[in-house]
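# Breakdown of the fold
Each chain is listed here by its residues.
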Amino acid sequence: MKMKLKKSVLFFLLVTVLAPIVLYTDTLGVVHFTSSSSRSEFVEDVSAFTFAGEVRPLNVLPQESSTTLKEPLGIVYSDNSVESGSNFSDASSGENTRITRQLTEESAEDRTTNSSTLSKKSLDENPIRQVIDIEHEVDVGTGKEKSNEAKLSDVGSGSGQNDVKEETRSQHSESKSENASERKGRKRLRRSPQISGKDTSIEQVKAITEKQNERTILADARVRQLKDQLIEAKIYLSLSATRNNAHFIRELRLRMKEVHRALGDATKDSELPRNAYDKLKAMEQTLLKGKQIQDDCAAVVKKLRAMLHSSEEQLQVHKKQTLFLTHLTAKTVPKGLHCLPLRLTTEYFLLNSSQQHFLNKEKLDDPKLYHYALFSDNVFAAAVVVNSTITHAKDPSKHVFHVVTDRLNYAAMKMWFLANPPGKATIQVQNVEEFTWLNSSYSPVLKQLGSPSMIDYYFKSRRAESDPNLKFRNPKYLSIMNHLRFYLPEIFPKLDKVLFLDDDIVVQKDLTGLWSLDLKGKVIGVVETCGESFHRFDRYLNFSNPLISKNFDPRACGWAYGMNIFDLDEWRKQNITDVYHKWQNLNQDRLLWKLGTLPPGLITFWNRTYALDKSWHVLGLGYNPNVPQKDIERAAVIHYNGNLKPWLEIAIPKFRNYWARFVDYDHQYLRECNITP
């Protein structure tokens, strides 16, 4: 009896001990998401969980439909998250440890993850804690990454249990049944938990650029294919095997007409008509017939080579014609610029003699003032030079402009500046015909310009294609106006310094600092242009002639006219004019250099130049569209040297405004002559 009572007590004690354990274990099983068959499976909706048979929302998470969730960037665990609880098997713990060290690399479109900040619960509640998500946000400004860890708590009870940590990831709808072999084909997982936001953005930009390039390449693919078909058709027209097939030739010519009509002037596929694709396919069928008739590749290659050679010859002819037409356009006076001097001349001769004179004549010979020499027959261009200089002058009343022009434009030039006086500045307009001392007996260049050989050189009819020296046949070289720069001491006998300006420049800063420069015994201040190989002496002078090769260095730096400060006192001391005459006499047959003023300038002022800072004078706006913007902005003077002058329609558009802003297109004379921007 005692034994039975003892067994009953032991049984009830055993039930009392084991019952709570069994009930608590069953509760743990219910807590886990019932949709998963194992702890390694993914959860489709983490916004709710099942507890005691009821589906309850996670209020600490933003409610979001599981269909809108995308596969996360990766799951990152803290070091403690790899520790398994006592209720998990060794296999499950090993799987968690492996996953915690991996970070998946996905495409740019799938690199967004859901971030949530979950409220913390008291440790006394002993919750089952589960890591939901970790997101890395890249701070572009600092290059740092911020990691936000979302935690879920407040499930279960008891004080002696360890925290259970378990992974959950949102799963893409198409990857539910992904097996082990498919996962091996995916990109290798990174070991580092950090991703550089900068690298990610660069990859995105590269991807977008590649897509755009592909679209650009494909944009005119059909147009190019049609053009290629026309070339192939021309080959078949000329081959003997296909030419003897009358039916094929008729069909081919018909297809060529159709393709020509469909292609038209289109340069993009979007410009092609709707039936272009049908014409392309029809031509393909016809060309296939041609291939069947003519299967000799050697004959096709030979014909293609002949066509290439012919195209190259035509290209050279067109280049020469383009060069000739460009020079012709540059030297032809536009109708508006022809009208303007005629209109001004008429107005000038309507003035009284007392109205035809400028003021402040006493300043013309004052060496203490700032004197400019401007030699031009272009009223429009000269007006811009004077206007831009005065605009940037600190004290315009101390500036004196000496404009020298020819007899044809003398009245027009005077009338313009009488009607538009340059503010407080002083201006003088002279006629080169009034320089009686400048004659053929004194100046060798005048004698040469009047010689029969020179006239024949310029005016004898020649084809542009056979003229290798087209550049040097510019009519401006016949004008003494271009050579007046070598006679500055004679023109200004009472001046010490003078600043020479071409009529195709624009002044952007005050230039008075040039008069205070110490030229260190040199005659002329220049901006050197030896940054490029063709701006050296061997480009302008004939070094095959002993007179040149013995006296000059072929690699010496060249320089440019356009904005040059001259020390006339040093000029007179070194007798520069006689040096110029000497070399002009030696070049009667044009064997030392071609025509122009720069080659004799390089020779005359050899070892007599003072190098100015390049910011004083920036060149190339009349031929080089690649002049740096920063160089133009900081330049004191910009020079439109070349054929693309700013007053012509062929001017480089992006440089034209620097010149046009000093022109008042609302002026009466300009409107009457239809001169517009």
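Structure first, text after, so check above.
Below you will find a few notes about this structure. The structure displayed is predicted, hence computed values, not measured ones. (Residues numbered from 1 in each chain as written. Predicted model: local features only at pLDDT ≥ 70, side-chain atom pairs only at ≥ 80, totals over all residues. Heavy atoms only, no water.)

## Considering the overall build of the protein chain
Test applied: Runs of E in the DSSP output that reach at least two residues are strands. Runs of H or I that reach at least four are helices, and both are numbered from the N terminus. Remark: exposure states derive from per-residue accessible area (1.4 Å probe, protein chains only) relative to the maximum for the residue type, with buried under 20%, exposed over 50%, and partly exposed in between. We call two residues in contact whenever any of their non-hydrogen atoms come within 4.5 Å of each other. Here the accessible surface of atoms and residues is derived via Shrake-Rupley with a 1.4 Å probe, and residues count as covered only by protein chains that are part of the display.
Counting its secondary structure elements, the protein chain contains 23 helices and 14 strands. For the protein chain, the proportion of its 677 residues judged to be buried stands at 41%. Taking the contacts inside the protein chain whose residues are at least 6 apart along the sequence as the reference set, 73% of them involve residues at least 24 apart. Accessible surface for the protein chain amounts to roughly 39,400 Å². Of this, 52% is attributable to carbon and sulfur atoms.

## Here's the deal with the nonpolar core
Put simply, the test is: Here, nonpolar core refers to any group of buried Ala, Val, Leu, Ile, Met, Phe, Trp, Tyr and Cys residues whose side-chain atoms link them within 4.5 Å.
Core analysis: the biggest nonpolar cluster contains 66 residues, and Phe-380, Leu-499, Leu-511, Leu-514 and Trp-659 have the highest contact counts within it. With nine residues, the top contributor of residues to this core is helix 11 (residues 379–392). Once residues lying within four places of it in the same chain are set aside, the contact partners of Leu-499 are His-371, Tyr-372, Ala-373, Leu-511, Leu-514, Trp-515, Met-563, Asn-564 and Ile-565. With 45 residues, the next largest nonpolar core counts Val-445, Ile-491, Tyr-561 and Leu-598 among its residues.

## Regarding the packing of aromatic side chains
Threshold: Between 30 and 60 degrees the pair is tilted, below 30 it is stacked and above 60 it is edge-to-face, where a pair is any two Phe, Tyr or Trp rings, Trp via its six-membered ring, whose centres lie within 6.5 Å. Throughout this description, the term charge over a ring refers to an Arg CZ or Lys NZ atom that lies within 6 Å of the ring centre and within 35 degrees of the ring normal.
Scanning the model with the defined rule gives 26 aromatic pairs in all. Aromatic pair Trp-437 and Tyr-442: ring centres 6.2 Å apart, planes at 85°, arrangement edge-to-face. Looking at Tyr-442, the relative accessible area reads 30%, which means it is partly exposed. The residue whose ring lies beneath Arg-485 is Tyr-561, and the NZ or CZ to ring-centre distance is 4.6 Å.

## Some details on the pattern of salt bridges
A side chain with one charge can pair with a side chain of the opposite charge if their charged atoms come near. To keep things clear, this is the line we draw: One side-chain nitrogen of Lys or Arg within 4 Å of one carboxyl oxygen of Asp or Glu is enough to make a salt bridge.
For the structure on display, the rule yields twelve salt bridges. The shortest N-O distance in the salt bridge between Lys-281 and Glu-284 comes to 3.6 Å. Linking Lys-281 with Glu-284, this pair stays in helix 8 (residues 276–293), spanning three residues, or about one helical turn. Glu-284 gets classed as partly exposed once you look at its relative accessible area, which sits at 24%. For Glu-347, the salt bridge identified is with Arg-343, shortest N-O distance 2.4 Å. Taken together, the positions of Glu-347 and Arg-343, both in helix 10 (residues 335–349) and four residues apart, correspond to about one turn of that helix. Connected through shared salt-bridge partners, Arg-343, Glu-347 and Glu-672 make up one network.

## Concerning helix 7 (residues 246–263)
Residues that lie three or four places apart on an α-helix share one face, since the helix turns once every 3.6 residues. Test applied: Under the convention used throughout, the expected extent of a helix is 1.5 Å for every residue step, that is, one less than its residue count.
Here helix 7 spans 26 Å end to end across 18 residues, near enough to the 26 Å set by a 1.5 Å rise per residue. Taken together, the buried positions of helix 7 are Phe-248, Ile-249, Glu-251, Leu-252, Met-256, Glu-258, Val-259, Ala-262 and Leu-263. Tucked into the core, helix 7 has its buried residues touching helix 5 (221–238), helix 6 (240–243) and helix 8. With its phi angle positive at about 55°, Gly-264 sits one or two positions after the end of helix 7.

## As for the sheet that holds strand 13 (residues 617–618)
Selection criterion: Paired strands, in this sense, are two strands between which DSSP finds at least two bridges.
With mixed pairing, three strands are arranged side by side in an open sheet as 9-14-13. In the strand order of this sheet, the two ends are held by strand 9 (505–507) and strand 13, each with one partner. Summarising the sheet, strand 9 and strand 14 (residues 637–639) pair through three bridges and their orientation is antiparallel. Bridge pairing in strand 14 links Val-506 to Ile-638.

## Re the side chain of His-617
Locating His-617 in the fold gives a position in strand 13. A relative accessible area of 2% means that His-617 is categorised as buried. Once you skip the residues sitting within four places of it in the chain, His-617 turns out to touch Val-527, Ala-560, Tyr-561, Gly-562, Met-563, Val-637 and His-639.

## Description of the state of the cysteines
Basically, it comes down to this: Note that a disulfide, as used here, is simply two cysteine sulfur atoms within 2.5 Å.
This model, assessed by the stated rule, comprises two disulfides. Through a disulfide, Cys-339 is tied to Cys-673; the S-S separation comes to 2.1 Å. Judged by the sign of its S-S torsion, about -70°, the bond between Cys-339 and Cys-673 is left-handed. Of this pair, Cys-339 sits in helix 10 while Cys-673 sits in the segment after helix 23 (668–672), placing them 334 residues apart in sequence.

## Digging into the environment of Thr-604
Structurally, Thr-604 is set in helix 20 (residues 598–604). Between the alpha carbons of Thr-604 and Asp-578 there is a distance of 9.2 Å; along the sequence they are 26 residues apart.

## Considering the pairing of strand 6 (residues 399–405)
Just so we agree on the cut-off: Convention used here: a crossover is right-handed provided that the path from the first strand, over the helix, to the second strand proceeds clockwise when the strands point away from the viewer.
Counting buried positions along strand 6 gives seven out of seven residues, so the element sits mostly inside the fold. Both faces of strand 6 are covered, namely the face carrying His-399, Phe-401, Val-403 and Thr-405 and the face carrying Val-400, His-402 and Val-404. Direction of pairing for strand 5 (residues 370–375) relative to strand 6: parallel, over a ladder of six bridges. Each bridged residue has a counterpart across the sheet, and for Tyr-372 the counterpart in strand 6 is Phe-401. As a crossover connection, the stretch from strand 5 through helix 11 into strand 6 is right-handed. Alignment of strand 6 against strand 7 (residues 426–431), held across six bridges, turns out to be parallel. Residue pairing across strands places His-402 opposite Gln-428, the latter belonging to strand 7.

## Examining the sheet that holds strand 10 (residues 524–526)
Quick reminder of the rule: To obtain an axis, a line is fitted to C-alpha atoms, over the contacting stretch when the element is a helix, and the angle between two such axes runs from 0 to 180 degrees between their N-to-C directions.
The strand order 7-6-5-8-11-10-12 describes an open sheet built from seven strands, whose pairing is mixed. The open sheet has two edge strands, strand 7 and strand 12 (609–611), and neither has a second partner. Ignoring strand direction, the axes of neighbouring strands in this sheet form an average angle of 25°. Sheet topology note: the strand 10/strand 11 (residues 563–567) ladder contains two bridges and is antiparallel. Bridge pairing in strand 11 links Gly-525 to Ile-565. Contacting strand 6 and strand 7, helix 12 (residues 410–419) crosses the sheet at an angle of about 170° to strand 7.

## Digging into unusual backbone geometry
Residues other than glycine predominantly adopt negative phi, and peptide bonds predominantly adopt the trans conformation. A positive phi angle is found at Arg-590, which is not glycine, with a value near 60°. On the secondary structure map, Arg-590 appears in the loop between helix 19 (576–586) and helix 20.

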